[in-house]
Amino acid sequence: MIPSFFDSVLQLIVKTSTDLPPDVRAAMRGAMVAEPEETRSGQALKIIAQNIDQAAEGEGAICQDTGMPTFEIKTPIAANQVWMKQQVRLAVAQATKQGYLRPNSVDSITGTNSGDNLGPGTPIVHFEQWERDDIEIRLLLKGGGCENMNAQYSLPTTLENLGRADRSLEGVRKCILHAVWQAQGKGCSPGAVGVCVGGDRTSGYLHAKEQLFRTIDDVNTDGRLAELEARIMGTVNSLGVGTMGFGGNVSLIACKIGALNRLPASFFVSVAYDCWAYRRLGVVLDGRSGAITNWLYRDPATPVLPMIDQEGFARTGREVLLTTPIDEAAVRQLKVGDVVLVSGRMFTGRDAVHAHLMKHEPPVDLRGAALYHCGPVVQKDGEGWRITAAGPTTSIREEPYQADVLRRYGVRAVIGKGGMGARTLEALKETGAVYLNAVGGAAQFYARTIEAVEGVSLLEFGTPEAMWHLRVKDFPAIVTMDAHGNSLHKDVEDASAKELAALKG
Ligand code: SF4
């Protein structure tokens, strides 16, 4: 019907998944300037920057979690939206087949992955008509780790460390600060927040997410909200959450606030938290041909500058080399802050694998193993497999299981992001194991440390949830929970709680 529509949507998906928009790149460059290179945040930002460049150069997914594809489409009045939606779905399935999107659509009752990102509710496609002849499509890819950090407040309420939040812009300010503080590194900070003041519970979240389509330098047309956005950005970084929750000078790169009318009895503040892998792009299409006439958020005529102009993550010589199977003595020598390079066999395992291990023996010997919380993007490669994106997933989801897995099966290193809780910390101490924080979202960077995919177990859970047997070389990570009962995550959370209290006003 519109001959190039499908190809244009596919191009939009590929570009959004692989090439971060210039305004987000600029904000991340600013973060790199603000964090001294030798700090944990500085090192993590170096890896992130290298990853952004690798993704754009190799046209690979910036992060292995390619998120919930959310399309906002404006069409001419007479356009056939039923046909367009079908084409969008076909383009999503094609992008998934080609490895630009990870299969992320899971039956909520059975846990079965549809394999093509299609299913009830996925992808999300919203249409709006406008009195123009062309078509505008915007796409946001927002992953699960940051989605889990969204927050909705019903005012008035009392907030930890901040006290009472009233039905006022001052109360809204407290809610936003609280949401950023509680996200810590779990949503791959430094993040960006879209906020909605008012609406109902559903429209509030939607409008909050829509704010993420604004550019980072966009100034709110509502002077009151513009002032609040500026105030938040002027103070939020004193929280000290830093990159990946490692502590540091930059916790947030953007705050965009909208408002909707509300019922007199309700006052919701909805916060949509996005990670540094803030992937959103848009295109304008010719209404007849469907060809791209213009890109939004980026100008193809202006070359995108690389994030780093020299070598990326470089060794200092102080890194500790760990080879699997790892022995207990080596782990007991590690302390919070050490940088390690892991080599040898590594097994992936996330939600489905952990739940499985509660009722079944592991399919492989996990004694001395490195267990990586990761749901990679995997492509069939002849008889074997190729992993094209493999950053860490949020570890806290495995907190109900991890201590048992450590005690029962002798895992020596748990690798993930965002840290884990008190039960896991206790089990690490008891069993002589360690938690290693990899840099969230650095999917291309970590994929390049994989020398081979040696096998797979539990493939019936779908490719992101299966247990992949990887051979890695010099996989870098930071010890953030050691076998002596220390947790960097707890330290940063406690310190930032004090800073949060200082912003009480
Ligand atoms: S960067 Fe982190 S929070 Fe964002 S999609 Fe990737 S894993 Fe999830």
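The structure we're discussing is the one just above.
The rules behind these values
Residues numbered from 1 in each chain as written. Predicted model: local features only at pLDDT ≥ 70, side-chain atom pairs only at ≥ 80, totals over all residues. Heavy atoms only, no water. Pairing = 2+ DSSP bridges. Helix = DSSP H or I, 4+ residues; strand = E, 2+ residues; numbered from the N terminus. Axes fitted to C-alpha atoms, helices over the stretch in contact; angles between N-to-C directions. Core = buried A, V, L, I, M, F, W, Y, C linked by side-chain atoms within 4.5 Å. Buried < 20%, exposed > 50% of the residue type's maximum accessible area, 1.4 Å probe, protein only. Contact = heavy atoms within 4.5 Å. Expected span 1.5 Å × (residues − 1). Salt bridge = Lys/Arg side-chain N within 4 Å of Asp/Glu carboxyl O. Parallel < 35°, antiparallel > 145°, perpendicular 65-115°, else oblique. Nonpolar A, V, L, I, M, F, W, Y, C, P; charged D, E, K, R; others polar.

Novice: Explain the sheet that holds strand β9 (residues 268-274) here, please?
Specialist: By way of backbone hydrogen bonds, the strands of a sheet pair with one another, either parallel or antiparallel. Read across the open sheet, the four strands follow the order β4-β9-β7-β8; overall the sheet is mixed. Each end of this open sheet is capped by a strand with a single partner; those strands are β4 (151-154) and β8 (252-260). Each adjacent strand pair in this sheet contributes to an overall mean axis angle of 15 degrees, direction not counted. As defined by bridge partners, strand β7 (residues 191-198) adjoins β8 across eight bridges and the pair is classed as parallel.

Novice: Any chance you could explain the nonpolar core here in plain terms?
Specialist: In globular proteins that are soluble, nonpolar side chains generally tend to be buried together. Core analysis: the biggest nonpolar cluster contains 135 residues, and F5, F71, I137 and F475 have the highest contact counts within it. With eight residues, the top contributor of residues to this core is helix α6 (residues 169-183). For I137, the contacting residues outside a window of four places in its chain are F5, V9, L12, F71, E72, I73, L281, G282, V283 and L285. By size, the runner-up hydrophobic cluster in this structure holds 22 residues, among which are F347, V353, V364 and M481.

Novice: So what exactly am I meant to see when it comes to unusual backbone geometry here?
Specialist: Excluding glycine, residues mostly have negative phi values, and the peptide bonds linking residues are mostly trans. Between L155 and P156 the backbone carries a cis peptide bond, its omega angle lying at 5 degrees. Of note, the bond from T324 into P325 is cis; its omega dihedral lies within 30 degrees of zero at -5 degrees. One can find P325 in the loop between β12 (320-323) and α9 (328-332). Positive phi values are uncommon outside glycine, yet C188 reaches one of about 60 degrees.

Novice: It is not clear to me how the environment of E399 should be interpreted in this structure. Could you clarify?
Specialist: Positionally, E399 belongs in helix α11 (residues 399-409). Among the residues examined, E399 registers a relative accessible area of 14% and is labelled buried. Sequence separation between E399 and H354 is 45 residues; the distance between their C-alpha atoms is 9.7 Å. Beyond its immediate sequence surroundings of up to four residues, E399 is in contact with M420, G421, A422, R423 and T424.

Novice: Which parts of the structure should I look at to understand the sheet that holds strand β1 (residues 68-75)?
Specialist: Strands sit in the order β2-β1-β3-β10-β11 across an open sheet of five strands; the sheet is mixed. Both outer strands of the open sheet, β2 (124-129) and β11 (292-296), are each paired with one neighbouring strand and no more. When strand polarity is set aside, the average angle formed by the axes of neighbouring strands in this sheet is 15 degrees. For strand β10 (residues 279-285) and β11, the ladder comprises four bridges, and the chain directions are antiparallel.

Novice: Help me out: how do you make sense of helix α2 (residues 22-34) in this one?
Specialist: Along an α-helix, residues three or four apart share an orientation, since each turn contains 3.6 residues. With 13 residues, α2 should cover 18 Å at 1.5 Å per step; its first-to-last C-alpha distance of 18 Å lies within 8% of that length. The set of residues buried in α2 consists of D23, V24, R25, A27, M28 and A31.

Novice: What am I meant to see in the environment of P362 here?
Specialist: Tracing the sequence through the fold places P362 in the loop between α10 (351-357) and β14 (370-372). Between the C-alpha atoms of P362 and L488, which are 126 residues apart in sequence, the distance is 30 Å. Sequence-distant contacts of P362, defined by excluding residues within four places in its chain, comprise L357 and Y409.

Novice: Can you help me understand the pattern of salt bridges in this one?
Specialist: According to the stated counting rule, one finds 28 salt bridges in the structure shown. Among the ionic pairs, D166 bridges to R164, the shortest N-O distance being 2.7 Å. Owing to a relative accessible area of 32%, D166 belongs among the partly exposed residues under this scheme. E454 serves as the salt-bridge partner of R345, at 3.0 Å between the closest nitrogen and oxygen. With R345 in strand β13 (residues 339-348) and E454 in strand β19 (residues 450-457), the pair connects residues that are 109 residues apart, well separated along the chain. Since its relative accessible area comes to 36%, E454 is described here as partly exposed. Salt bridges sharing partners connect three or more residues here, namely K15, D19, R25 and D53.

Novice: How do you make sense of the packing of α11 against helix α12 (residues 422-431) when you look at a structure like this?
Specialist: Angle between the axes and distance between the axes are the two parameters that describe a pair of packed helices. Direction vectors running N to C along α11 and α12 enclose 10 degrees, while the axes themselves pass 8 Å from each other. By the angle class used here, α11 and α12 are roughly parallel. On α12, the residues touching E399, P400, Q402, A403, D404, L406 and R407 of α11 are A422, R423, T424, E426, A427, L428, E430 and T431. Taken together, the residues that form the contact of α11 with α12 break down as six nonpolar, three polar and six charged.

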